Amino acid sequence: PGSLTSIHDISLDGITRLLALTNRLVAEPHRERVKHLDGRKVALLFYESSTRTRTSFELAAKSLGAMTTLVSDKSSSIEKGESLHDTGVTLRALGAECIILRSNYSGAPEVLARSTGLPVLNAGDGMHEHPSQALLDLRTMLVRLGLSQQLTPTTMAGKTVVITGDIRHSRVARSNAILLPKLGARVIFCGPPELCPKEALDLSHGVEIERDFEKALQQADVAMMLRIQRERLAGLDIDSAEYIAGYQLNEQRLRAHAPKALVMHPGPMVRGLEIDSAAADGPQSAIEEQVAHGLAVRMALLHRALLGETNA
Ligand code: CP
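Because the structure is predicted, anything quoted here is derived from the model rather than measured. (Residues numbered from 1 in each chain as written. Predicted model: local features only at pLDDT ≥ 70, side-chain atom pairs only at ≥ 80, totals over all residues.)

(A) Summary view of the sheet that holds strand β4 (residues 120-125). The strand order across the open sheet formed by 4 strands is β2-β1-β3-β4, and the pairing between neighbours is parallel. On the outer flanks of this sheet lie β2 (67-72) and β4, each paired with one strand and no other. With strand direction ignored, the average angle separating the axes of adjacent strands in the sheet is 15°. Sheet topology note: the strand β1 (residues 41-46)/strand β3 (residues 98-103) ladder contains 5 bridges and is parallel. Paired with Leu-44 across the bridge in β3 is Ile-100. (Pairing = 2+ DSSP bridges. Helix = DSSP H or I, 4+ residues; strand = E, 2+ residues; numbered from the N terminus. Axes fitted to C-alpha atoms, helices over the stretch in contact; angles between N-to-C directions.)

What follows is the structure, encoded as structure tokens:
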């Protein structure tokens, strides 16, 4: 209970309650907020590098009064070959009551939750899912598009979210593609066949594929750009100049094809490749807001994990 290993773990009603809790926690004065998890212990277990997710979970936990400890593969006994199971059980023996896990293995959060019996929050597992990212992306879209946070299957009806780039390796694309159609949004994946291969993607949630980026942009209420994950390409060679010509979100394309679309990116960005600075920093961009929503939503996820929904 309280885990979030996949976006499947939480219903629309559950997300509505989570967003309401997020709003309440954000509005609370600091002296009240730190009482929620006063003295509770949260472990951050990171087998892959991270800036946004790690820092925002850590600051979220501390904002609620919890103590945190970070275990990373670079400076722990993981380097000596200690297993996920043994690492989790060790953290539990040290008093951890919740573990936030980033792993390069798809499914590792479920394994850790079973091993430890503790609530586990998935901070990104391999090419599988990044559910807290999908939730912070959702809050960003609802706020910027002026939509109700009382979620129903039609909350995002009539809205099109175009997700462009390295879909094949993207856990962010996968979690968003599961979540957004449940709210009635149309989701379009866009990219060249090697990064957006029709045969290798799960399109069961009604997701469409459009290869022509400009055609996709013309339909977009939200243009979500993704980084090419060179660390996961395994020998696949992507020609940067060709990619920029076909798929970079830049000032000219934005002005010509999507002058009103919200620009999003989960980060980290490679400026000059999938997005240029004018698009990333311009008035249509919600990229910095996404980061701030991440801190807010992760406070609520920790509250839910450690205090349960009944105390929410
Ligand atoms: N969006 C995201 O997961 O960023 P980090 O890898 O920096 O955590």
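(B) Spatial organisation of the confidence of the model for the chain. Mean pLDDT over the chain: 95, with 99% of residues reaching 70 or higher. For this predicted complex, the interface score ipTM comes out at 0.98, alongside a pTM of 0.96. (pLDDT = per-residue confidence, 0-100.)

(C) Molecular detail of the site of the ligand. Near the ligand the following residues occur: Ser-50, Thr-51, Arg-52, Thr-53, Arg-54, Gly-124, Gln-133, Pro-266, Gly-267 and Pro-268. For the shell around the ligand, the per-class residue count stands at 2 nonpolar, 6 polar and 2 charged. For the shell around the ligand, the two domains that each supply at least three residues are domain 1 (7-129 + 292-307) and domain 2 (131-290). (Near = placed C-beta within 6 Å. Nonpolar A, V, L, I, M, F, W, Y, C, P; charged D, E, K, R; others polar. Domains from an automatic or database assignment.)

(D) Spotlight on unusual backbone geometry. Residues Gly-267 and Pro-268 are joined by a peptide bond in cis, for which omega reads -10°. Note on placement: Pro-268 falls in the loop between β9 (262-264) and α11 (277-281).

(E) View of the UniProt feature "binding site: L-aspartate" (unreviewed entry) in the chain. The positions UniProt marks with the feature "binding site: L-aspartate" (unreviewed entry) are Lys-80, Arg-171 and Arg-227. Sequence-wise these annotated residues cover 148 residues; spatially they are dispersed, their C-alpha atoms as much as 31.2 Å apart. Take Lys-80: it is sitting in the loop between β2 and α4 (84-93). Judged by C-beta crowding, with 6 C-beta atoms within 10 Å, Lys-80 ranks as exposed. By the element assignment, Arg-171 lies in helix α7 (residues 171-182). Residue classification places Arg-171 among the buried positions, given that 21 C-beta atoms sit within 10 Å. Ignoring sequence-local partners within four residues, the contact set of Arg-171 consists of Gly-124, Asp-125, Gly-126, Met-127, His-128, Glu-129 and His-130. (UniProt positions renumbered as here; feature names shortened; annotations may be inferred. Buried ≥ 20, exposed ≤ 12 C-beta atoms within 10 Å, placed from the backbone. Contact = placed C-beta atoms within 7 Å.)

(F) How the structure looks around the pairing of strand β6 (residues 186-190). By the bridge criterion, 5 bridges tie strand β5 (residues 160-164) to β6 in an arrangement that is parallel. Opposite Thr-164, over in β6, you have Cys-190 as the bridge partner. Between the parallel pair β5 and β6, the chain is carried across by α7, and the sense of this crossover is right-handed. Two strands pair when backbone bridges link them, and β6 and strand β7 (residues 208-210) are joined in this way by 3 bridges, in the parallel orientation. Its bridge partner lying in β7, Cys-190 is registered against Glu-210. (Right-handed = clockwise from strand over helix to strand, strands pointing away.)

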